[in-house]
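Structural characterization, general
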Amino acid sequence: MVHDQIVQEGKAATIVGKFDYSSVLHKDLENEDVHVYLYGTGSQRWEYLGEHRTNGDGKISVQVQKPQGDYVVRMVVEGDHSEALGYLTVVGDGRKAVLFDIDGTLTLSDFEGVGDYLGIDNADMHNYADEVVWEYVSKGYQIVYLTGRGYWQAKTTRDWFNRNGLFGWHLRTDANQDNPIKPNTQQYKTDYINYLKNEVGLDIIRAYGNADTDVRAYAAAGIPASETYIIGEHAGMDGTNAVDGDYALHYVEVAQPSPEAGCTWR
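As a starting point, this report considers the structure included with it. Just so it is clear, the model here is predicted, and its values are computed rather than measured. (Residues numbered from 1 in each chain as written. Predicted model: local features only at pLDDT ≥ 70, side-chain atom pairs only at ≥ 80, totals over all residues. Heavy atoms only, no water.)

**Concerning the overall build of the protein**
Threshold: Working definition: helices are DSSP H or I runs of at least four residues, strands are E runs of at least two. Numbering for both runs from the N terminus. Exposure categories follow from relative accessible area, calculated using a 1.4 Å probe and restricted to protein chains: below 20% of the type maximum is buried, above 50% is exposed, and the middle band is partly exposed. Throughout, a residue-residue contact means that at least one pair of heavy atoms, one from each residue, lies within 4.5 Å. Surface accessibility in these figures is a Shrake-Rupley result with a 1.4 Å probe; residues are shielded only by whichever protein chains are displayed.
When helices and strands are counted, the protein shows six helices and 15 strands. Across the 266 residues that make up the protein, the buried fraction comes to 53%. Across the protein, contacts joining residues at least 24 apart in sequence account for 65% of those joining residues at least 6 apart. Looking at the protein as shown, the accessible area adds up to about 12,100 Å², and 47% of this sits on carbon and sulfur atoms.

Right, dumping it as structure tokens:
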């Protein structure tokens, strides 16, 4: 998989690719050559970013600096031509953004992603969840999916986006989930939101979640409860806004009336 990266204009991005095999054992692909390509805003053809060799953790790191825009990053393993896609987004300071958790927030429960990953089920989505996301996209907001899913679920998560017609950029999985039984999801989310606000300069105007860890992580990162929307059993917790049942009414009353974000380059 390729970790999506978002940076402020004028700063270089370090794009990390992670290669392993076996959905259970995750055997790192060590000392193998990977070719990296990039295509996006202003591109006429794929740009070749060179050949890179994986380290002992099956990772490569590629530095790139681009103007404001959206870019697809494609990494191809030389040995067997297997590949992974990720995305780079370069934004101006103050770019308005909306943040979404995935499991239990866009999907019906926290556990549907497990069946999706194992290939035995397609995680069902809350009614009107996709319409809410696309409404913000159409108005120029940067979408951020901040999920507690481990990095190894990135590919199946992107496949789920595609199958359900859901906008798929910018996806952040937990790259350091060493203990999936008891991960520190709350701190991980708080830290990443602080990075988005302080380093990237995003203006996160609204956040969606379902878990108590979402409520606390968003609050700790300075997202006001008045702009935090929670669905499920913790709806309304600590003064947040409750999303009742599904997103149909929310789409009409909150998403549609949201103003244009003022983005001119997407």
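**Brief notes about the nonpolar core**
Stated precisely, the cut-off is as follows: The definition of a nonpolar core used throughout is a set of buried Ala, Val, Leu, Ile, Met, Phe, Trp, Tyr and Cys residues joined through side-chain atoms within 4.5 Å.
Membership of the largest hydrophobic core comes to 35 residues, with the highest contact counts inside it found for Phe-100, Val-133, Tyr-136, Ile-143, Tyr-145 and Tyr-208. Counting residues per element, the ones that place at least two in this core are β10 (96–100), α2 (129–138), β11 (142–150), α3 (154–163), β13 (203–209), β14 (228–231) and α6 (248–255). If you tally residues by element for this core, the top one is α2, at five residues. Once you skip the residues sitting within four places of it in the chain, Tyr-136 turns out to touch Val-98, Phe-100, Tyr-141, Ile-143, Arg-206, Tyr-208, His-250, Val-254, Ala-255 and Ser-258. Core analysis: the next-biggest nonpolar cluster, separate from the first, contains 20 residues, Val-62, Met-75, Val-77 and Leu-88 among them.

**Description of the pairing of strand β6 (residues 47–53)**
Applied cut-off: The pairing criterion is simple: DSSP has to find at least two bridges between the two strands.
Bridge analysis of strand β5 (residues 33–40) against β6 gives six bridges, and the strand direction is antiparallel. Bridged to Val-36 within β6 is Gly-50. Here β5 folds back onto β6 in antiparallel fashion, the turn holding six residues, of which Gly-42 has a positive phi close to 80°.

**Here's the deal with the sheet that holds strand β8 (residues 69–77)**
As a reminder of what qualifies: Convention adopted: a line fitted to C-alpha atoms gives each axis, helices being fitted over their contacting stretch, and angles between N-to-C directions are expressed from 0 to 180 degrees.
With mixed pairing, five strands are arranged side by side in an open sheet as β1-β9-β8-β5-β6. The sheet is open, and its two edges are formed by β1 (5–8) and β6, each paired on a single side. Averaged over all pairs of adjacent strands, the angle between their axes in this sheet comes to 25°, without regard to strand direction. Alignment of β1 against strand β9 (residues 83–91), held across four bridges, turns out to be parallel. Of the residues in β9, the one forming a bridge with Val-7 is Val-90.

**Some remarks on unusual backbone geometry**
Of the consecutive residues Trp-169 and His-170, the connecting peptide bond is found in the cis state with omega at -5°. Its identity as a non-glycine residue notwithstanding, Asn-31 has a phi of 55°, on the positive side. Here Asn-31 is to be found in the loop between β4 (27–28) and β5. Residue Asp-238 is not a glycine yet carries a positive backbone phi of 55°. Within the secondary structure layout, Asp-238 lies in the loop between β14 and β15 (241–243). Here Asp-238 falls in the exposed class, since its relative accessible area comes to 58%.

**Let's talk about the sheet that holds β13**
An order of β12-β11-β10-β13-β14-β15 is seen for the six strands of this open sheet, with the pairing classed as parallel. Each edge of the sheet is formed by a strand with only one pairing partner; in this case those strands are β12 (171–174) and β15. Between one strand and the next, the sheet's axes are offset by a mean angle of 25°, whatever the strand orientation. Sheet analysis places β13 next to β14, joined by three bridges and oriented parallel. Along β14, the bridge assignment pairs Gly-209 with Ile-230.

**Some details on the pattern of salt bridges**
Let me state the cut-off plainly: Throughout this description, the term salt bridge denotes a Lys or Arg side-chain nitrogen within 4 Å of a carboxyl oxygen of Asp or Glu.
The tally for this structure, following the rule as stated, stands at 14 salt bridges. The partner of Asp-212 in a salt bridge is Arg-216, and the shortest N-O contact between them spans 3.2 Å. Pair noted here: Asp-212 and Arg-216 are both in helix α5 (residues 212–220), with a separation of four residues, about one helical turn. Given a relative accessible area of 27%, Asp-212 falls into the partly exposed group. Accessibility expressed as a relative area gives 38% for Arg-216, which makes it partly exposed. By sharing partners, the salt bridges in this structure join Asp-101, Lys-189 and Asp-214 into a single network.

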